[in-house]
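Each chain, written out:
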Amino acid sequence: MTASQIALVTGAAGGFGTAICASLLEVGYHVVATDINIDALEGLIERLEHPANLTYMQMDVCDLDSVQEVVDTIEQRENASLSVLINNAGIISKNFCLQENSTIDAKKIIDVNLIGAINCASIVSRVMGRQRYGRIINIASVAGIWGASGGSAYAASKAGLIKASESWARELGPLNIVVTAIAPGICVTDMLGKFVSKDQVPKTGESKIVKSIVPTGRLGNPNDVSEVVTFLATCKTDYINGTVIALDGGMRVGQL
Ligand SMILES: NC(=O)c1ccc[n+]([C@@H]2O[C@H](COP(=O)([O-])OP(=O)(O)OC[C@H]3O[C@@H](n4cnc5c(N)ncnc54)[C@H](O)[C@@H]3O)[C@@H](O)[C@H]2O)c1
């Protein structure tokens, strides 16, 4: 891997984003870390100790012009190719559908989690199509497979992202662009605190209740996600295409 291979990460300043950037840097990518929150991005640079192969740019995935500007800047780099896109930006809120104002929340969630990913994939895949190479990795959720009580818009946005991934796998496969989705289970990041109250998050992630629902006996963490992202970004086969990887410690197999 040479640093002329560029990986674009959205929502890079968050829990998963930080681990994904660190892991892709480690295997030799030049990482373009983007996020709507510029202060948080600056914090990311400090946490990663200013690596030479990391560039950061503010980008709102909901704003096509903002996405286009970042991609144009990347394309101006000499001898660089935009090989990997990680659609990771996302938001959540507790929005029981009978709650007042829940549709305002719902539109925003679908805009960021689904339309945002579509914006990025559509602009980036045109560049990848010209190169005849690309890897697009979408961070979905088990909520997009099972639904989530109190998170209908979130679950719908992630189900949409899974179906978009499968559609892109069909459309872009002939151009040597492969598309996958990861569906993480419950992982400890700031986002978890936005969906359940702090005292509901088990401190060690290894409480009795967690052990009873997750066969591996713990909640997930950002490194679980970054390991799989890096595997998908670097593996040489183009035969993992349209695949949705459930990354949930076996939660989906249920309890017997
Ligand atoms: N934490 C979990 O349990 C979990 C489980 C399954 C899936 N996910 C998904 O993983 C992804 C990352 O989650 P996380 O836990 O790291 O959350 P996080 O809140 O730590 O990070 C999300 C990041 O997205 C950024 N963002 C929000 N709106 C944006 C926009 N319009 N444009 C660009 N960036 C924007 C935020 O600023 C933040 O830095 C999300 O898509 C989330 O839905 C998380």
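The model shown is predicted, which means the values in this text are computed figures rather than measured ones. (Residues numbered from 1 in each chain as written. Predicted model: local features only at pLDDT ≥ 70, side-chain atom pairs only at ≥ 80, totals over all residues. Heavy atoms only, no water.)

Undergrad: Could you give an account of the environment of Thr243, naming the residues involved and the relevant values?
TA: For Thr243, the location among the structural elements is in the loop between helix 9 (222-234) and strand 7 (244-247). Each C-alpha atom of the pair Thr243 and Val178 lies 9.6 Å from the other, and the pair is 65 residues apart in sequence. If we ignore the near neighbours within four places in the chain, the residues touching Thr243 are Val179, Thr180 and Ala181. (Helix = DSSP H or I, 4+ residues; strand = E, 2+ residues; numbered from the N terminus. Contact = heavy atoms within 4.5 Å.)

Undergrad: So what's going on with the nonpolar core? Which residues, and what values?
TA: Cys21, Leu24 and Ile86 are the most contacted members of the largest nonpolar core, which has 29 residues in total. Of all the elements in the fold, those that place two or more residues in this core are strand 1 (5-9), helix 1 (15-26), strand 2 (30-35), helix 2 (38-47), strand 4 (81-87), strand 5 (134-139) and helix 9. Residue contacts for Leu24: discarding those within four places in its chain leaves Ala7, Val9, Tyr29, Val31, Ile86, Thr230 and Ala233. Listed in part, the 27 residues of the second largest apolar core include Val61, Val67, Ile123 and Met128. (Core = buried A, V, L, I, M, F, W, Y, C linked by side-chain atoms within 4.5 Å. Buried < 20%, exposed > 50% of the residue type's maximum accessible area, 1.4 Å probe, protein only.)

Undergrad: Please give an account of the side chain of Thr189 that cites residues and values.
TA: Along the chain, the position of Thr189 falls in the loop between strand 6 (177-184) and helix 7 (190-195). Since its relative accessible area comes to 19%, Thr189 is described here as buried. If we ignore the near neighbours within four places in the chain, the residues touching Thr189 are Gly15, Phe16 and Pro222.

Undergrad: A description of the domain arrangement of the chain should follow, citing residues and the corresponding values.
TA: Assigned domains within the chain: domain 1 (5-185 + 221-247) and domain 2 (193-219). Computed from C-alpha atoms alone, the centre-to-centre distance between domain 1 and domain 2 is 25 Å. Facing eight residues of domain 1, the contacting portion of domain 2 comprises four residues. Approximately 470 Å² of surface area, both sides summed, lies buried where domain 1 meets domain 2, with 56% of it carried by carbon and sulfur atoms. Counting the surface domain 1 buries against domain 2, the share from its top three residues, Ile92, Lys94 and Asp224, is 68%. Applying the counting criterion to the domain 1 and domain 2 interface returns one salt bridge. Between Arg218 and Asp224 there is a salt bridge; the shortest N-O distance is 2.9 Å. Our count for the domain 1 to domain 2 interface comes out at one residue pair in polar contact (both at pLDDT 80 or more). Class assignment of the residues belonging to the side of domain 1 that touches domain 2 gives a composition of one nonpolar, five polar and two charged. (Domains from an automatic or database assignment. Buried area = accessible area lost by both parts, 1.4 Å probe. Salt bridge = Lys/Arg side-chain N within 4 Å of Asp/Glu carboxyl O. Polar contact = N/O pair within 3.5 Å; in protein donor to acceptor, adjacent residues only side chain to side chain. Nonpolar A, V, L, I, M, F, W, Y, C, P; charged D, E, K, R; others polar.)

Undergrad: If you had to explain helix 1 to someone new, which residues and values would you point to?
TA: With 12 residues, helix 1 should cover 16 Å at 1.5 Å per step; its first-to-last C-alpha distance of 17 Å lies within 8% of that length. Looking at helix 1, one finds that the buried residues are Phe16, Gly17, Thr18, Ala19, Ile20, Cys21, Ser23, Leu24 and Leu25. The first or second residue beyond helix 1 is Gly28, which carries a positive phi of 105°. (Expected span 1.5 Å × (residues − 1).)

Undergrad: How would you summarise the site of the ligand if you had to cite specific residues and measurements?
TA: Lining the immediate environment of the ligand, one finds 29 residues, of which Phe16, Asp35, Asn88, Tyr154 and Thr189 sit closest. Here Phe16 contributes a backbone N or O atom positioned 2.8 Å from an oxygen atom of the ligand. Thr189 is positioned with one of its side-chain polar atoms (N or O) 2.5 Å from an oxygen atom of the ligand. Protein burial of the ligand: of its 830 Å² of free accessible surface, 92% is covered by the chains. For the shell around the ligand, the secondary-structure elements that each account for two or more residues are helix 1, helix 6 (152-172) and helix 7. Within the shell around the ligand, the residues separate by chemical class into 16 nonpolar, nine polar and four charged. (Near = heavy atom within 4 Å. Areas by Shrake-Rupley, 256 points an atom, 1.4 Å probe, with all protein chains shown as cover.)

Undergrad: So, the sheet that holds strand 2: which residues are in play, and what are the values?
TA: Taking strand neighbours across the sheet as the criterion, the seven strands line up as 3-2-1-4-5-6-7 in an open arrangement whose pairing is parallel. Since the sheet does not close on itself, it has two edges, and those belong to strand 3 (54-58) and strand 7, each with one partner. On average, each strand axis in the sheet is inclined to that of its neighbour by 20°, with strand direction left out of account. The sheet contact formed by strand 1 and strand 2 spans four bridges and is parallel. The residue of strand 2 that forms the bridge with Leu8 is Val32. (Pairing = 2+ DSSP bridges. Axes fitted to C-alpha atoms, helices over the stretch in contact; angles between N-to-C directions.)

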